[in-house]
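Remarks on the overall topology
Residue strings, one per chain:
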Amino acid sequence: MRRPIVIVPACTRELGNHPYHAVQCKYIDAVVQGAGCAPLIMPALGDASDFETALAVADGIMLTGSASNVHSSYYQQDLRDPALPLDPARDATTLPLIRAALKRGVPIFAVCRGFQEMNVALGGSLHQAVQEVEGMMDHRENPADTLDNQYRPKHPVDLVAGGLMQRILDGASEIVVNSLHGQGIDRQGKGIAIEATAHDGLVEAFSVPGVPFALAVQWHPEWHLMQNPDSLRLFRAFGEACRAYQKQRPEPA
Ligand SMILES: N[C@@H](CCC(=O)NCCCC(=O)O)C(=O)O
C-alpha cells in the first residue's frame, strides 16, 4: 500500500526579489521520518485554493509553525503590534482547510502557529502578547540565541490525566518542552479538549474529541525529532492515524 499523503500548507515568504510558497525542511522531514507519510506541500492560495481536491487526496494534514501571526481580525480584535509578521494568504488557506478537514475526519497534527490556527478556526481567540498578561511567563525565544538554544527544552507542561497525549506518551504526567511563541490561547475554541498546560496555566496542547485524530501542540516536536522519544511518539501516532484514515478513504475520482 502506498504511503499516506499528508498535506502541508505553505507560508508565503519573500526570498530575494521574489515571493515564494515555503515550508521549513524540519516539518517535511518529520512527516517522512516520524509519521512515515508522504508530504505534499499546499500553496497558500487563500480563496483560490482547491480545498475539495486537496482533501480528496489527503490522508492527513500537518500544520506547521511560523514566525508570522494569525491576523487578530479572525478573532475580532484589533492588531496589537502591526510590526510583527503576518501571513494573510496562509490564514485564508489554513483556517477554512482546518474546518473542512475536521468535518471529513482527516487527521490533523498542528504545531505552534498551526496550534493557534486550529484554536482560531474553532472560534477561539489568542493572547497577542502572552508575556504582557498578568501572571504569564515569557514564552518567546531569544532571537539572538543560537538555533540549538532557541529550541532547547525550556519549561515543563503537565499532561491531562487520561488524555490522548498522556496515552500516546505512555502515561507520562509531565514533559519538558521548547518554547518559541509570543502568542497563545486565550478563549478556547469550540469542542477542544485540553491535553497539556504550562505552570502559568497557558494551554500548551489540545485535541478535538469526536474526530479520528486532531492534536495540536504549542511547542516544536519536529525539532531534532529523532533524538526525542516523546516527539517521535507524537509523530508516530499521527502517522498511524493517517494510515487508518487512508484505509477507509474512498479513492479520488
Ligand atoms: N507567530 C506565532 C507562532 C510562533 C511559531 O510558530 N514559532 C516558530 C517559528 C519557527 C518554526 O516554525 O520553528 C507566535 O509568535 O506565537
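Cut-offs and rules
- Numbering of residues begins from 1 in every chain and follows the order in which that chain's sequence is written.
- Local features in this predicted model are restricted to residues of pLDDT 70 or higher, and side-chain atom pairs are both shown and tallied only at a pLDDT of 80 or more, whereas totals for entire chains, interfaces and linings draw on every residue.
- Note that water and hydrogens are dropped before the side-chain values are worked out from all heavy atoms of the structure.
- UniProt positions are given in the numbering used here, feature names are shortened, and annotations may be inferred rather than shown by experiment.
- In this text, buried Ala, Val, Leu, Ile, Met, Phe, Trp, Tyr and Cys residues form a nonpolar core when linked through side-chain atoms within 4.5 Å.
- Note on exposure labels: buried denotes an accessible area under 20% of the residue type's maximum, exposed denotes more than 50%, and partly exposed covers the range between, all computed with a 1.4 Å probe on protein chains only.
- Secondary structure elements follow DSSP: runs of H or I no shorter than four residues count as helices, runs of E no shorter than two count as strands, and numbering proceeds from the N terminus.
- Axis lines are fitted through C-alpha atoms, for helices just across the contact stretch, and the angle between N-to-C directions can take any value from 0 to 180 degrees.
- Rotating anticlockwise by less than a right angle from the far helix to the near helix defines a left-handed crossing, while the corresponding clockwise rotation defines a right-handed one.
- Here, two residues are considered to be in contact whenever any of their heavy atoms come within 4.5 Å of each other.
- Gly is put with the polar residues, along with every residue not named as nonpolar or charged; the nonpolar set is Ala, Val, Leu, Ile, Met, Phe, Trp, Tyr, Cys and Pro, and the charged set is Asp, Glu, Lys and Arg.
- In what follows, salt bridge is the name for a side-chain nitrogen of Lys or Arg lying within 4 Å of a carboxyl oxygen of Asp or Glu.
- Nearness is defined per residue: one heavy atom within 4 Å of the molecule or strand is enough.
- Polar contacts, as used here, are pairs of N or O atoms within 3.5 Å; protein pairs need one atom able to donate a hydrogen and one able to accept it. Residues neighboring in sequence count only if both atoms are side-chain atoms.
- Method for areas: the Shrake-Rupley scheme with a 1.4 Å probe, in which residue coverage is limited to the protein chains shown.
- Between rings of Phe, Tyr and Trp, where Trp is taken as its six-membered ring, a pair exists when centres lie within 6.5 Å; planes separated by under 30 degrees are stacked, by over 60 edge-to-face, and by other angles tilted.

Named according to an unreviewed UniProt entry, the protein chain is gamma-glutamyl-gamma-aminobutyrate hydrolase originating from Massilia cavernae. As stated in UniProt under Function (unreviewed entry), the record for the protein chain gives "Involved in the breakdown of putrescine via hydrolysis of the gamma-glutamyl linkage of gamma-glutamyl-gamma-aminobutyrate."

1. Details of the nonpolar core
The nonpolar side chains of a soluble globular protein tend to be buried, and buried together. Of all hydrophobic cores here, the largest spans 36 residues; its most connected members are Met62, Met165 and Trp219. Elements supplying a minimum of two residues to this core: strand E1 (5–9), helix H1 (25–34), strand E6 (108–111), strand E8 (155–159), helix H6 (164–168), strand E9 (174–177), strand E13 (214–217) and helix H7 (229–248). Leu63, Ala101, Ile108 and Ile192 belong to the second largest nonpolar core, which has 32 residues in total.

2. A closer look at the packing of helix H3 (residues 88–104) against helix H4 (residues 113–121)
Packing of H3 against H4 leaves a shortest axis separation of 9 Å and a crossing angle of 60°. Read as a crossing pair, H3 and H4 show a hand that is right-handed. When H3 is examined against H4, the residues Arg90, Asp91, Thr94, Leu95, Ile98 and Arg99 are found in contact with a partner set consisting of Arg113, Gly114, Glu117, Met118, Val120 and Ala121. In the contact of H3 with H4, the residues fall into 5 nonpolar, 2 polar and 5 charged.

3. Comments concerning the pattern of salt bridges
By the definition in use, this model includes 12 salt bridges. Notably, a salt bridge pairs Arg90 with Glu117, separated by 2.7 Å at the nearest N-O pair. Here Arg90 is found in helix H3, whereas its partner Glu117 is found in helix H4, with 27 residues between them in sequence. In this structure, the salt-bridge partner of Asp91 is Arg113, at a minimum N-O distance of 2.9 Å. Of this pair, Asp91 sits in helix H3 while Arg113 is found in helix H4, placing the two residues 22 residues apart along the sequence. With respect to class, Asp91 is no different from Arg113; both count as buried. The network of salt bridges with common partners includes Arg90, Asp91, Arg113 and Glu117.

4. What about the site of the ligand?
Contacts to the ligand come from 18 residues, most closely from Lys26, Tyr27, Asn69, Tyr151 and Gln183. In the environment of the ligand, an oxygen atom lies 2.6 Å from a nitrogen or oxygen atom belonging to the side chain of Tyr27. Computed on the free molecule, the ligand has an accessible area of 420 Å², of which 91% lies beneath the protein chains in the complex. Broken down by secondary-structure element, the contributors of at least two residues to the shell around the ligand are H1 and H4. Taken together, the residues of the shell around the ligand sort by class into 5 nonpolar, 10 polar and 3 charged.

5. Quick notes on the packing of aromatic side chains
Counted according to the given criterion, the structure contains 5 aromatic pairs. With a centroid separation of 5.8 Å and an interplanar angle of 40°, the aromatic rings of Phe109 and Phe238 are classed as tilted. Highlighted residues: Phe109 in strand E6 and Phe238 in helix H7, separated in sequence by 129 residues. Of the two residues examined, Phe109 and Phe238, each falls in the buried class. Look at Phe115 and Phe206: their rings are 5.2 Å apart centre to centre, the planes differ by 45°, and that puts the pair in the tilted class. With Phe115 in helix H4 and Phe206 in strand E12 (residues 203–207), this residue pair connects regions lying 91 residues apart in the sequence. Connected via pairs of aromatic rings, a cluster forms that spans Phe109, Phe213, Phe235 and Phe238.

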